[in-house]
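Report on the structure
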Amino acid sequence: MGVEAHATNERVTGRRWTVRLDPVGRGRADVRVSCSRPACAAQVLPSAADGRTAAIAHLKAHLRAGPAPRPSVQCACRAEECHTHIRPAGPRERPVPWRCGGAVVLAVITDREGRWWQVLECCSRCAAAHPTAKVVATAPAAEAPAQARADGFRADAPAPATPGGPAATTPTFSAISPHFSHSATAAATGTAVPQQASGPRSSAPRSAPRSARPTRKRPPRGRIAQRLVPHDLRPVALRDELTELGELFRAYQARTEPDLAVLADLHARKAEAFNAWAEVTADTGLRLDARRAEQAAATARLQHLHRIGQAPDGEGPAVVRLLTAPAQWNHARAVLAHVAENAPLPGAEARLLVLMVTLRTAQSGVGNLVGQDIKGLPLQDPEHLVGQLVESGWLGISGTVEELIASRPESPTRISVPSLTPDEDDPGPFTFGRKLRPKLSGWAQRVVGEKKLRKGKTGADVRLLALALATGADGEGRLAPGGEGIGLDALASWCAVDPGDLPDLVDRLTAADWLAEADVSGTLLTGRLTERVLPLGCPLT
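Scope of this entry: the structure provided in the associated data block. Going along each chain's sequence as written, the residues are numbered from 1 onward. Two thresholds apply to this predicted model, a pLDDT of at least 70 for residue-level local features and 80 or more for giving and counting side-chain atom pairs, whereas whole-chain, interface and lining totals are computed over all residues. Only hydrogens and water are set aside when side-chain values are computed; all heavy atoms of the structure are taken into account.

1. Overview of unusual backbone geometry
For the bond running from R234 to P235, omega is 5°, close enough to zero to count as cis. Despite not being glycine, A282 shows a phi value in the positive range, around 55°. Secondary structure counts use DSSP, requiring at least four H or I residues in a row for a helix and at least two E residues in a row for a strand, with both numbered from the N terminus. Among the secondary structure elements, A282 is positioned in the loop between α7 (260–281) and α8 (284–308). Here the phi dihedral of A480 falls at roughly 70°; this positive angle occurs in a residue that is not glycine. When you line up the elements, A480 lands in the loop between α16 (460–470) and β12 (486–487).

2. Examining the packing of aromatic side chains
Within a pair of aromatic rings, the relevant descriptors are the distance that separates the centres and the angle that separates the planes. Two aromatic rings, drawn from Phe, Tyr or Trp (for Trp, its six-membered ring), form a pair once their centres lie within 6.5 Å of each other, and the interplanar angle then sorts them: stacked below 30 degrees, edge-to-face above 60, tilted otherwise. As enumerated under the stated definition, the model contains two aromatic pairs in all. Each ring, one from F274 and one from W277, has its centre 5.5 Å from the other, and the planes form 80°; the classification is edge-to-face. One end of the pair, F274, and the other, W277, are both in helix α7, three residues apart, so they sit about a helical turn from each other. Between buried and exposed lies partly exposed: a residue is buried under 20% and exposed over 50% of the maximum accessible area for its type, with that area taken using a 1.4 Å probe on protein chains only. Overall, the relative accessible area of 0% leaves F274 in the buried class. The exposure class assigned to W277 is buried, which follows from its relative accessible area of 5%. A cation over a ring is seen here: K270 above F249, with NZ or CZ 5.8 Å from the ring centre. Definition used: whenever NZ (Lys) or CZ (Arg) falls within 6 Å of the ring centre and also within 35 degrees of the ring normal, the charge is taken to sit over that ring.

3. Some points on the pairing of strand β13 (residues 515–521)
Between any two strands, pairing holds if DSSP finds at least two bridges. In this structure, β13 lies alongside strand β14 (residues 524–529), joined through five bridges in antiparallel fashion. Bridge pairing links V520 to L525 in β14. In sequence, β13 turns back onto β14 through a hairpin of two residues, with G522 there showing a positive phi of about 65°.

Shown next, in the form of structure tokens:
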């Protein structure tokens, strides 16, 4: 015991360091790459893709320059009370205090989003407990007997003398990998089999000692949802199903691209298997897990149907929308609300121009604009209106207003909106990223420039109403959830018109085949969007 404690106390903790990828600031595209090793300075890269490339290159440089894993170190995650260790398969396989089991390895663990990479010098069982771990190096096997001696085992110790017979000879081992007495047979180790010294049955060989007999191993235990599948679980088909499901889930997590149909099937199988497991064991926690798996299967299947453009009930094709996800619909509503509260000039034409410029500069406060972007809007005097925005300080342009109106796609004009430019104290009013901004801008352009609205020569107030109704209808096109209707005051405020002017705007949208069954009564506008414009809608959820 004293030798074992002394050896354990002298062991050093395995190496551990992390390379991280973090945003520099909210609303900004550049990222910071940092390493927890003290000699490494942080880097700032212009995009997440560049940062991820630099982080991986930095990590590989450390792995190439660093030493190989040391077979006698203390497991890095074991030193921090890691709860993901794999337990021994049987009662006789007890881990030593300083690691779980297996050879010491150098493992790289990362998250699925690619935001950090962690290198651990740990034992192989600890590495296997992490689903994303990749082993890059293994400690030399030639030093394994030294580890065994530190644990209190002596692989090269002579066997005890047999009463009434000669002492067993010292076994010999291969230099390639260690062999221990509890798993090696006499033939493999070269140990002479003792014979009885005398007696009527002296010619018969003695049975192999207990330590030389092959041990019976239980079948490996499966894991699913952080649960170990009992090896004695019955029926056997249920045990095999749970084990297979755990392997399939881990294989799905290792995929580079998601497949929601496959994920939905896995969750459905998991729900059925966990319900059967709960019936066998009467475990309430398993029933709750089964219910959660059913909900996850339904959600994944619904998302898959939305992506492929099919109706959830399978009765017909669903609406293929320009903006496809609830998060995108909510961001579109957030932009409309921000413009309604912060428009620097009154009137419907100013409101429409401010909206389109905001969508061009929403993510970073700067963007490009050409003359056609402004001349394509229903504005009576676009040059005067742009000049007013510049004079108010809300809009900044590189050049004159005349140059902006005359600019072409090959030479766009750089514009900026100071109130949307993020800084250290103010990240800006919007939380969506660079990829979503052009989608929102394209959606607004499609609504405002819709073919029948253009042919009908509708004004800015009518097109603002079209935007409001596109974001205020439910999935079936009914105005407000359940067709309850939208308040006239809210619509008039957004369109920058008097409430008394709304019936005429509604008639113009009805004539353009935007609205059906429209009715302005009391304080509400009821009706529904026509099927023709449903793809432009952002349903209320």
